[in-house]
Amino acid sequence: MPTDSPAPADTPRTPPAAAAQVPAPFPERAALPDPGPAPTLRDPDAPAPGPGGPAPATPRGYRAVFAVAEFRAVFAAHLLSLLGVVVSELALTVLVYDLTGSPLLSALTFALGLLPYIVGGTLFAGVADRYPARRVLVVCDLLCAACVAVMLVPATPVAGLLALRCLVAAIAPVFTGTRMAALTDILGEGDLYVLGRSLLRIVSQSAMLIGFGAGGMLLTVLSPRGAITVTVVTFLCSAALLRFGTQDRPARATTGDGAGGTLLKESLSGARLVLGDRRIRALMLLFWLPAMFVVAPEALAAPYADAIGASPAALGLLLCAMAVGHIGAELFVGSALSPRNRSRIVLPVAAVGLLPLLVYAVRPGLPLALAALALAGAGAAYVIGLDQWFVDAVPQGLRGRAMTLLTAGLMTVQGLGMALAGLAAEFFPVHQVVAGSGIIGTVCTLLLVAEVRRTDPRRMPYTEERDGADRHVTSR
């Protein structure tokens, strides 16, 4: 498998400066068959403590990730651009409503943030592997900044605003997939990568809570277009951080991984290779399916709050509870569990993660509903271990396209799940729809868990012998 780093193949994939701060053996240690009784607080390759006292402890967990300078730049860029996007979504919705007075067009502004994901993630995924990651990330940020800048022009019609919103949303999965793949260059393919992905997810969850509040405050002192201006600045700052804070590495695509030809051909070829691999397909669906069903209570939070006579403040709690549970569980799993234990909990937690939604069958009051939502959010902690499985399963030359498709599919299935929950609520009581989502989602997830077990590389010799040698892309 070709490397993305100019370093020799037998050296760590972290940059030299970062390697000095975060030794590579930490993520590799989990691969050893028997770590032995050696203490885990010290780098096993570090010099033994001298007579003057013990050697300084190597940073562990999330601190080890932040010790990598390139990741700090990526993290800051992610935080800035994400807050800018959330603020712009709110401000643009208000602007469209001010210009048209139409609740439908105002709501459509939010929907257009999800729908183009599948288009961009499928048709433009080849960009993530065809060009150097830093160039792709910087260009994506600059294109988004340009789109948002055009929104500020008073002469831009409403149709133009919505079209620009679509374009930004189509660029988003390419940016996110490229950044996910680039993290394996910056942090390696082991535990540091898993914790880095976890931190970016935590920021995404937190930004939804903080960004809408910050956007609301900005709109009290600025016009909608004034608030949107903030987004232009955040995109430009993100581009600068990525340009000057990360290394320039070569593109990862090779002719053996479906590269060559037009961009559209590369993108579609990558999608076929990714979805045609039984193991990768099963892991990708394990990201998607639970997420599709778990959004039902959020999509129906307003009608449920009305059904139980809850106040507008209670509606806000219903919308925040799941994110709070997710953030808390992710922090705990990422900091308290070893890589081996995080891997062990993937399938059990995924299998039961949607069961808390069954509480809605008894039409619970606010306290019990909040507890159920927080537990359902905590169920998403299985994704930390699943990240490692996914990056291990995907060939390096396909990694950018696979992660772009993963991002696009995740956003699309969540939008689909919200739409289906709303449609079902037209015919059934809201609490039954949420409980039904928990039941159907659990059944689907259990079937998928069985498939993931069957495609486990440690079981494949037996599976292939029984099923007729179902070969994978990763073995070609």
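Predicted, not measured: the structure shown is a model, and the values here were computed from it.

Caption draft 1: Broad picture of the overall build of the chain. For the chain, the helix and strand inventory stands at 23 helices and zero strands. When each of the 476 residues of the chain is scored for burial, the buried share is 50%. In the chain, 83% of the contacts between residues at least 6 apart in sequence involve partners at least 24 apart. Total accessible area on the chain is roughly 20800 Å²; 69% of this is exposed by carbon and sulfur atoms.

Caption draft 2: Broad picture of the nonpolar core. Core analysis: the largest hydrophobic core is formed by 110 residues, its most contacted members being Phe71, Leu187, Met284, Leu286, Tyr360, Leu386 and Phe390. For this core, the leading source of residues is helix H9 (residues 158-187), giving 13 residues. If sequence neighbours within four positions are ignored, Met284 has contacts with Val274, Leu275, Phe390, Ala402, Leu405 and Leu406.

Caption draft 3: Summary view of the packing of aromatic side chains. In this structure the tally under the stated criterion is five aromatic pairs. On the numbers, 5.8 Å between centres and 65° between planes, the contact of Phe66 with Phe71 is edge-to-face. What makes Phe71 buried here is its relative accessible area of 0%. Consider the rings of Phe66 and Phe75, whose centres lie 5.0 Å apart with planes at 80°: the pair is edge-to-face. For Phe66, a relative accessible area of 31% corresponds to the partly exposed category. Connected via pairs of aromatic rings, a cluster forms that spans Phe66, Phe71 and Phe75.

Caption draft 4: The environment of Ile118, seen in detail. Residue placement: Ile118 occurs in helix H6 (residues 117-123). Taking the C-alpha atoms as reference points, Ile118 and Leu406, separated by 288 residues in sequence, lie 9.7 Å from one another. Apart from residues no more than four positions distant in its own chain, Ile118 is found in contact with Ala408 and Thr412.

Caption draft 5: Representation of the state of the cysteines in the model. The full count for this structure, using the stated rule, is zero disulfides. Unpaired in this structure, Cys140 has its nearest cysteine sulfur neighbour in Cys144, at a distance of 6.6 Å.

Caption draft 6: Looking closely at the pattern of salt bridges. The full count for this structure, using the stated rule, is eight salt bridges. One salt bridge connects Asp387 with Arg201, and the closest N-O pair in it is separated by 2.7 Å. Of the two residues, Asp387 sits in helix H20 (residues 383-393) while Arg201 sits in helix H10 (residues 191-221), which places them 186 residues apart along the sequence. Each member of the salt-bridge network shares a partner with another, and the members are Arg197, Arg201, Glu330 and Asp387.

Caption draft 7: Looking closely at unusual backbone geometry. Despite not being glycine, Arg363 has its phi angle at roughly 50°, a positive value. With respect to the element layout, Arg363 can be found in the loop between helix H18 (346-352) and helix H19 (366-378).

Caption draft 8: Focus on the packing of H9 against helix H21 (residues 399-424). With their axes 7 Å apart at the nearest point, H9 and H21 run at an angle of 130° to one another. As summarised for this structure, H9 and H21 are arranged oblique, according to the angle between their axes. In this structure, the crossing between H9 and H21 has a hand that is right-handed. Facing Pro173, Val174, Thr176, Gly177, Thr178, Met180, Ala181 and Thr184 of H9, the residues of H21 in contact are Arg399, Gly400, Met403, Thr404, Leu406, Thr407 and Ala408. Residues belonging to the contact of H9 with H21 are distributed by class as follows: seven nonpolar, seven polar and one charged.

Caption draft 9: Expanded view of the confidence of the model for the chain. Confidence in the prediction for the chain averages 76 pLDDT; 75% of positions are at 70 or higher. Low confidence marks residues 1-56, where pLDDT is under 50. Its contacts with residues over four positions away, or in another chain, come to 74 contacts.

Caption draft 10: Local environment of the side chain of His78. Along the chain, the position of His78 falls in helix H4 (residues 69-100). The class for His78 is buried, based on a relative accessible area of 5%. In contact with His78, not counting residues within four places along its chain, are Arg179, Leu200, Val203 and Ser204.

Caption draft 11: A look at the environment of Leu318. Structurally, Leu318 can be placed in helix H16 (residues 312-336). For Leu318, a relative accessible area of 3% puts it in the buried group. Counting along the chain gives 13 residues from Leu318 to Ala305, while the straight-line C-alpha distance between them is 8.1 Å. Leaving out residues up to four positions away in the same chain, Leu318 has contacts with Ala301, Ala305, Tyr360, Leu366, Ala369, Leu370 and Leu373.

Caption draft 12: Fine view of a nonpolar patch on the surface. A cluster of nonpolar side chains, namely Val352, Leu355, Leu358, Ile439, Ile440, Val443 and Leu447, defines an oily patch on the protein surface of about 610 Å² accessible area. Here the element with the most residues in the nonpolar patch is helix H22 (residues 430-454); it accounts for four residues. In this structure, Leu358 sits in the loop between H18 and H19.

Basis of the calculations
Residues numbered from 1 in each chain as written. Predicted model: local features only at pLDDT ≥ 70, side-chain atom pairs only at ≥ 80, totals over all residues. Heavy atoms only, no water. Helix = DSSP H or I, 4+ residues; strand = E, 2+ residues; numbered from the N terminus. Buried < 20%, exposed > 50% of the residue type's maximum accessible area, 1.4 Å probe, protein only. Contact = heavy atoms within 4.5 Å. Areas by Shrake-Rupley, 256 points an atom, 1.4 Å probe, with all protein chains shown as cover. Core = buried A, V, L, I, M, F, W, Y, C linked by side-chain atoms within 4.5 Å. Phe/Tyr/Trp six-rings, centres within 6.5 Å; stacked < 30°, edge-to-face > 60°. Disulfide = S-S within 2.5 Å. Salt bridge = Lys/Arg side-chain N within 4 Å of Asp/Glu carboxyl O. Axes fitted to C-alpha atoms, helices over the stretch in contact; angles between N-to-C directions. Parallel < 35°, antiparallel > 145°, perpendicular 65-115°, else oblique. Left-handed = near helix turned anticlockwise from the far one by under 90°. Nonpolar A, V, L, I, M, F, W, Y, C, P; charged D, E, K, R; others polar. pLDDT = per-residue confidence, 0-100. Patch = residues over 30% accessible without salt bridge, like charges linked within 9 Å, V, L, I, M, F, W, Y side chains within 5 Å.

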